[in-house]
Amino acid sequence: MAKRMRRLYHCKNGVVDGSDFWIADSAQPRRGKAKPSTARKQEANRNQAAHILARKLNNNFEQGDLFLTLTWNDKAWRQLRTAAYKTLPRGSREKAEVKRDAILFEAEREGKKFLRRVREAGAKDCKYMILASDMDGRTKDPARVHVHIILSGESVTQAKKELLICGRTLESFWPFGAVDYENLRGGSYSSLAAYLIRQTRDIKNHKRYACSRNLEACEYEEIELGPDAEPLQAPPGAEVEEYQNNPTNDYGMVYIRYIEPKRKLPESVPQQKRRRTT
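Residues numbered from 1 in each chain as written. Predicted model: local features only at pLDDT ≥ 70, side-chain atom pairs only at ≥ 80, totals over all residues. Heavy atoms only, no water.

**Re empty space enclosed by the protein**
Then, in step 1: Summed over the entire model, instances satisfying the criterion amount to three cavities of 30 Å³ or more.
Then, in step 2: Roughly 90 Å³ of internal volume is contained in the largest cavity.
Then, in step 3: Along its surface, the largest cavity is lined by Leu104, Glu108, Ala132, Ser133, Asp134, Gln199, Thr200, Arg201, Ile203, His206, Lys207 and Arg208.
Then, in step 4: Sorting the residues of the lining of the largest cavity by element identifies helix H3 (96-120) and strand E5 (128-135) as the ones contributing at least two each.
Then, in step 5: Looking at the lining of the largest cavity, the element that brings in the most residues is E5, giving three residues. (1 Å grid on protein atoms, 1.4 Å probe; cavity = no way out; pocket = protein on both sides within 12 Å on 5 of 7 lines; lining within 4 Å. Points joined across faces, edges and corners; volume = space filled by probe spheres on them. Helix = DSSP H or I, 4+ residues; strand = E, 2+ residues; numbered from the N terminus.)

Below is the structure:
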């Protein structure tokens, strides 16, 4: 026999996602902070990978943090390619896919060196997510390798319309080409997660992205459902971002992601106005 379970993850920015699913009677529900579990989830699926990444972004990043894209100019890219080919064993350099993977791995290493320089400059406790890509996420066509980084903004400032990290320019951390950047807006980062995952390839024994160790795991609740429980739904007033349910399959999984309704202050508590200090 199997039992029906429900798990809901609550992210700090108000995004909630969860699912109804079936497990064997021998499995026990858990409570507390969760780590990705391959035993209970089909993480190999690209869609599920986007859900997991979205959960990490929604729970750890906020408005004002940075979305960076590191690129290589022509000269630097040729140097990157040469360095990547030197890592290949003899006999494998003629395989196009092997060479493509090597360039991607080398680009990821350079991206991590960028982060190391940022931390050494003073941003030791910054949170980050890094992902290397060499394809167009929409068309799946090959593209010049580039590196995406989500970086917490505690050490970020603006001076004369120039972005600085620990008082230094982006060019001082990245001499190989351009660094495109934008500040994250408030709200859900689920679309950003989907965009990033679409740019990754399935490479055996290689993770799609890497994160800093200080990311906080998303808290979740897990309960056992009764036989007459209704399928998982969003509460009234919530903004639904994604919903998956096949009503013809009694043993199928139901998935939902929504933004919690905005909480209103009690009428007896006056709302504070923003003030500008001089």
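**A closer look at the confidence of the model for the chain**
Then, in step 1: On average, residues of the chain score 85 in pLDDT, and 84% of them are at 70 or above.
Then, in step 2: Overall, residues 36-44 carries pLDDT values under 50, and its contacts beyond four positions in sequence, including any with other chains, amount to 20 contacts.
Then, in step 3: Note on residues 264-278: pLDDT is under 50 here. Beyond four places in sequence and across chains, it has one contact. (pLDDT = per-residue confidence, 0-100. Contact = heavy atoms within 4.5 Å.)

**Some remarks on the nonpolar core**
Then, in step 1: Grouped together as the largest cluster of nonpolar side chains are 33 residues, with contacts concentrated most on Trp72, Phe114, Val145, Val147, Ile149, Leu151 and Ile165.
Then, in step 2: Elements with a minimum of two residues in this core: strand E4 (66-70), helix H2 (74-85), H3, E5, strand E6 (142-151), strand E8 (162-165) and helix H4 (170-173).
Then, in step 3: Leaving out residues up to four positions away in the same chain, Val147 has contacts with Leu68, Thr69, Leu70, Trp72, Ala107, Gly111, Ile130, Leu131 and Ala132.
Then, in step 4: In this structure, Ala50, Phe67, Leu131 and Ile150 belong to the second largest nonpolar core, which totals 19 residues. (Core = buried A, V, L, I, M, F, W, Y, C linked by side-chain atoms within 4.5 Å. Buried < 20%, exposed > 50% of the residue type's maximum accessible area, 1.4 Å probe, protein only.)

**A word on the environment of His148**
Then, in step 1: The topology assignment puts His148 in strand E6.
Then, in step 2: Separated by 77 residues in sequence, His148 and Thr71 have C-alpha atoms that sit 9.2 Å apart.
Then, in step 3: Not counting the four nearest positions on each side in its chain, His148 is found in contact with Phe67, Leu68, Thr69, Met129, Ile130, Leu131, Tyr195, Leu196 and Gln199.
Then, in step 4: Separated by 3.1 Å, the side chains of His148 and Thr69 make a polar contact. (Polar contact = N/O pair within 3.5 Å; in protein donor to acceptor, adjacent residues only side chain to side chain.)

**Details of helix H1 (residues 46-60)**
Then, in step 1: Look at H1: 21 Å from first C-alpha to last across 15 residues, which is about the 21 Å you get at 1.5 Å a residue.
Then, in step 2: With respect to burial, H1 is a largely interior element, twelve of its 15 residues being buried.
Then, in step 3: Taken together, the buried positions of H1 are occupied by Gln48, Ala49, Ala50, His51, Ile52, Leu53, Ala54, Arg55, Leu57, Asn58, Asn59 and Asn60. (Expected span 1.5 Å × (residues − 1).)

**Some thoughts on unusual backbone geometry**
Then, in step 1: Located in the positive-phi region is Lys140, a residue other than glycine, with phi close to 70°.
Then, in step 2: Position of Lys140 among the secondary structure elements: in the loop between E5 and E6.
Then, in step 3: Among the residues examined, Lys140 registers a relative accessible area of 38% and is labelled partly exposed.
Then, in step 4: Even without being a glycine, Lys161 presents a positive backbone phi close to 65°.
Then, in step 5: Tracing the backbone through its elements, the reader meets Lys161 in the loop between strand E7 (156-159) and E8.

**A look at the pattern of salt bridges**
Then, in step 1: In the structure shown here, the tally under the stated rule is 16 salt bridges.
Then, in step 2: With a shortest N-O distance of 2.7 Å, Glu222 and Arg7 are connected by a salt bridge. One end of the pair, Glu222, is in strand E12 (residues 219-224); the other, Arg7, is in strand E1 (residues 2-10), with 215 residues separating them in the sequence. With respect to burial, Glu222 and Arg7 carry one shared label: buried.
Then, in step 3: For the salt bridge of Glu97 with Arg201, the shortest nitrogen-to-oxygen distance reads 3.0 Å. Taken as a pair, Glu97 in helix H3 and Arg201 in the loop between helix H5 (190-198) and strand E11 (210-211) lie far apart in primary sequence, 104 residues in all.
Then, in step 4: With relative accessibility at 13%, the residue Arg201 sits in the buried group.
Then, in step 5: Through salt bridges with shared partners, one network takes in Glu97, Arg100, Asp101, Asp134 and Arg201. (Salt bridge = Lys/Arg side-chain N within 4 Å of Asp/Glu carboxyl O.)

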